[in-house]
Amino acid sequence: LDPLTTAEERESQHVMQAQALRMLGRPAEAWHPLAAAASSALERGDTERAARTLLAVNDGAVWGWRSVGEVDSDAIALWRSIRQRLDGRPVVAASVELAIEAEQIYARRSDVTRDSIDESVAAARRSTSPSELIEVLFLASLALAGPQRLLRRAAVHDELVELCAREGDDRALTRALTARVATRGELGQFEGLRSDLARAVTLAERHHAIHRQDTVDPQSE
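No experiment lies behind these values; they were computed from the predicted model shown. (Residues numbered from 1 in each chain as written. Predicted model: local features only at pLDDT ≥ 70, side-chain atom pairs only at ≥ 80, totals over all residues. Heavy atoms only, no water.)

Quick word on the overall build of the chain
To keep it simple, the criterion reads: Each helix is a run of DSSP H or I of at least 4 residues and each strand a run of E of at least 2, with the numbering of both proceeding from the N terminus. Based on C-alpha atoms, the radius of gyration is set beside the globule rule, defined as 2.2 Å times the residue count to the power 0.38. Type-normalised accessible area, obtained with a 1.4 Å probe on protein chains alone, sets the label of each residue: buried when under 20%, exposed when over 50%, and partly exposed for intermediate values. The criterion used for residue contact is that any of the two residues' heavy atoms lie within 4.5 Å. Note on areas: these come from Shrake-Rupley sampling with a 1.4 Å probe, and a residue is covered only by the protein chains present in the view.
If you tally the helices and strands in the chain, you get 10 helices and zero strands. Mapped in sequence order, the helices and strands of the chain form the string α-α-α-α-α-α-α-α-α-α. Its C-alpha atoms give the chain a radius of gyration of 19 Å, within 12% of the compact-globule value 17 Å for 221 residues. Across the 221 residues in the chain, those meeting the buried criterion constitute 42%. If you take every contact in the chain between residues at least 6 apart in sequence, the share linking residues at least 24 apart comes to 58%. With the model as given, the accessible surface of the chain reaches about 12,400 Å², and the carbon-plus-sulfur share is 52%.

Concerning the confidence of the model for the chain
Any region with low pLDDT has predicted coordinates that should not be read closely. Put simply, the rule is: Along the chain, pLDDT gives the predictor's confidence residue by residue, from 0 to 100.
Averaged over all residues, the pLDDT of the chain equals 89, while 91% of them reach at least 70. The model gives residues 214–221 a pLDDT under 50, and that stretch makes one contact with residues more than four places away or in other chains.

Considering the nonpolar core
Short version of the rule: In these notes, a set of buried Ala, Val, Leu, Ile, Met, Phe, Trp, Tyr and Cys residues joined through side-chain atoms within 4.5 Å is what counts as a nonpolar core.
Residues Trp31, Leu54, Trp65, Trp79, Ile82 and Val96 are the most contacted members of the largest nonpolar core, which totals 53 residues. Ignoring any residue separated from it by four or fewer positions in sequence, one finds Ile82 in contact with Ala38, Leu42, Thr47, Ala50, Ala51 and Leu54.

Here we look at the environment of Leu133
Following the sequence through the fold, Leu133 ends up in helix 7 (residues 130–143). The class of Leu133 is buried, set by a relative accessible area of 12%. Each C-alpha atom of the pair Leu133 and Thr202 lies 25 Å from the other, and the pair is 69 residues apart in sequence.

Section: the side chain of Ser116
Checked against the element boundaries, Ser116 lands in the loop between helix 5 (90–103) and helix 6 (117–126). In this view, Ser116 contacts Glu97 and Glu101; residues no more than four positions away in its chain are not counted.

Considerations on the packing of helix 3 (residues 47–55) against helix 4 (residues 73–85)
Note the following rule: To define axes, lines are fitted to C-alpha atoms, for helices over the stretch in contact only, and angles between the resulting N-to-C directions are given on a 0 to 180 degree scale. Each angle is binned into one of four classes, with values under 35 degrees roughly parallel, values over 145 roughly antiparallel, values of 65 to 115 roughly perpendicular, and all other values oblique. For a crossing to be left-handed, the near helix must be turned anticlockwise from the far one by less than a right angle; the clockwise case is right-handed.
Where helix 3 meets helix 4, the closest approach of the two axes is 9 Å, and the angle between their N-to-C directions is 140°. Classified by the angle their axes make, helix 3 and helix 4 are oblique. You can see that helix 3 and helix 4 cross each other, and the crossing is left-handed. Each of Thr47, Ala50, Ala51, Leu54 and Leu55 in helix 3 lies in contact with helix 4, whose residues at this interface are Leu78, Trp79, Ile82 and Arg85.

Considerations on helix 3
Here helix 3 has its buried residues at Thr47, Ala50, Ala51, Thr53, Leu54 and Leu55. Lining the buried residues of helix 3 we find helix 1 (7–23), helix 2 (31–43), helix 4, helix 5 and helix 7.

Considerations on a nonpolar patch on the surface
To keep things clear, this is the line we draw: Residues qualify for a patch when their relative accessible area is over 30% and they have no salt bridge, like charges being joined within 9 Å and the nonpolar side chains of Val, Leu, Ile, Met, Phe, Trp and Tyr within 5 Å. For this analysis, a salt bridge means a side-chain nitrogen from Lys or Arg found within 4 Å of a carboxyl oxygen belonging to Asp or Glu.
A grouping of Val68, Val71 and Tyr106 is seen on the molecular surface, where their side chains present a nonpolar patch of about 300 Å² in accessible area. Within the fold, Val68 resides in the loop between helix 3 and helix 4. For Val68, a relative accessible area of 74% translates into the label exposed.

Details of the pattern of salt bridges
Side-chain pairing between opposite charges can occur once the charged atoms of the two side chains come close. Tallied over the entire structure, the rule returns 21 salt bridges. Salt-bridge contacts for Asp59 lead to Arg22; the nearest nitrogen and oxygen are separated by 3.5 Å. Highlighted residues: Asp59 in the loop between helix 3 and helix 4 and Arg22 in helix 1, separated in sequence by 37 residues. A residue is classified by how much of its surface remains accessible, and Arg22, at 18% relative accessible area, is buried. Sharing partners across several salt bridges, the network here consists of Glu8, Glu11, Arg44 and Arg49.

Some details on the packing of aromatic side chains
Rule in force here: Pairing of aromatic rings covers Phe, Tyr and Trp, the last through its six-membered ring, and needs centres within 6.5 Å; plane angles under 30 degrees mean stacked, over 60 mean edge-to-face, and all others mean tilted.
Taken as a whole and assessed by the stated rule, the structure comprises two aromatic pairs. Seen from their ring centres, Trp31 and Trp79 are 6.0 Å apart, and the 40° between their planes marks the pair as tilted. Here Trp31 is found in helix 2, whereas its partner Trp79 is found in helix 4, with 48 residues between them in sequence. Side by side, Trp31 and Trp79 carry an identical accessibility label, which is buried. Ring geometry for Trp65 and Trp79: centres 6.3 Å apart, planes at 45°, overall tilted. Taken together, the residues span a long stretch of sequence, with Trp65 in the loop between helix 3 and helix 4 and Trp79 in helix 4 at a distance of 14 residues. For the pair Trp65 and Trp79, a shared accessibility class is recorded, and that class is buried. One aromatic cluster is present, formed by Trp31, Trp65 and Trp79 through successive ring pairs.

Structure below.
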């Protein structure tokens, strides 16, 4: 409420609030402060900052920032406003396109635009670093939710796991393995599912993200 606080300062506080919510395991709640910060940046004419701020909602998310069946028309409108004003920055533009696809998975067919997922990923491949491509692929995997896109999603998850392992990014690899668990379950690949889960747990323990209270003998399980 301080009248001397600048818009940029207030946006930074919103972003830090969102980061804290994600660290508390409340990613869905992080949307509102990020949307407030992005809307403010958009009003100031800083479209790229608005886009990057809103894209932070996917930072570390495994299964997205929306509940199953949820459609937020205001959120979709905000993403589209940013996309319309975003000039250049093909990686950022591709990421926003994928975020829009992910947001409207559960929208009525009449509200859904054409599937631009492959085009967005291709655009990112032409002009991005491995770390940026990893984030684009995570967004693509969210946009490919649903049984009709299962095989495409599985291919993206396979590429994600390989890319994260090649880059030596254990945090992203843990996230990719965890995301692939659900896809492998849908495909009936239960041995692969168990392998991914065990690998993800090992990585998480190595980085002290989790701690096992009890040791279970695999032979007695």
